[in-house]
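Single-letter residue listing:
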Amino acid sequence: MSSKIVTALGRTKVSHQNAVHIRIGTAQSLGCNANNIAINRSTIRRHKVILRQRVFDDIKVSFNPNCPLTVHWDDKILTDITGKGHVDRLPILVSGDGVSKLLSVPKLESATGEET
């Protein structure tokens, strides 16, 4: 499974089960025998995990600023990852001399100043 396919499935929020159906249909339409290809939920999930780890490792290696950084944070109300309702999140960024990087966007239990 290529990184472009994994990325497209993730960005369009396709579940692992639905990804199985898409991959089988795609393989058959390209003339491949779907019985000869390992297509199941766990294989798709494993490929997603491996790809995300590679991307994380690449970002970690490539982000090596040689300047002082400033940490920025501000709590935001965003749509929950499940798509049901809204949650408070705290985007954390660092920036300095032409460098900026989003470090994390953790969910907050409450939007109080103490929690932030």
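This is a predicted model, so every value here is computed, not measured.

What counts, and where the lines are drawn
Residues numbered from 1 in each chain as written. Predicted model: local features only at pLDDT ≥ 70, side-chain atom pairs only at ≥ 80, totals over all residues. Heavy atoms only, no water. 1 Å grid on protein atoms, 1.4 Å probe; cavity = no way out; pocket = protein on both sides within 12 Å on 5 of 7 lines; lining within 4 Å. Points joined across faces, edges and corners; volume = space filled by probe spheres on them. Helix = DSSP H or I, 4+ residues; strand = E, 2+ residues; numbered from the N terminus. Nonpolar A, V, L, I, M, F, W, Y, C, P; charged D, E, K, R; others polar. Buried < 20%, exposed > 50% of the residue type's maximum accessible area, 1.4 Å probe, protein only. Expected span 1.5 Å × (residues − 1). Arc of directions from axis to C-beta.

Participant: Can you help me understand the layout of surface pockets in this one?
Facilitator: Over the atoms, a rolling probe the size of a water molecule traces out where space has been left empty. Empty space within the largest pocket amounts to approximately 220 Å³. Taken together, R89, L102 and V105 make up the lining of the largest pocket. Around the second largest pocket, the lining residues are F56, I59, K60, F63, K101, L102 and L103. Counting only elements with at least two residues in the lining of the second largest pocket, the list comes to α3 (41-62) and β5 (99-104). In the lining of the second largest pocket, the residues fall into five nonpolar, no polar and two charged.

Participant: Help me out: how do you make sense of unusual backbone geometry in this one?
Facilitator: Both trends apply: most residues other than glycine have a negative phi, and most peptide bonds are in trans. At K13, a position not held by glycine, the phi torsion is positive, near 55°. By the secondary structure assignment, K13 is in the loop between α1 (3-11) and α2 (16-29). The exposure class of K13 is exposed, given its relative accessible area of 70%.

Participant: How should I be thinking about the environment of H16 in this particular structure?
Facilitator: Mapped onto the secondary structure, H16 falls in helix α2. A sequence separation of 43 residues divides H16 from I59, and the C-alpha atoms of the two residues are 25 Å apart.

Participant: How should α3 be read in this particular structure?
Facilitator: Residues separated by three or four positions in an α-helix point in the same direction, a consequence of the helix having 3.6 residues per turn. Between the first and last C-alpha of α3 there are 32 Å, a value that for 22 residues agrees with the 32 Å anticipated at 1.5 Å per step. Regarding α3, the residues found buried are T43, I44, K48 and L51. Burial along α3 is one-sided: seen end-on, the buried residues are contained in an arc of 140°. In α3, the exposed residues that point more than 90 degrees away from the buried face are R41, K60 and V61.

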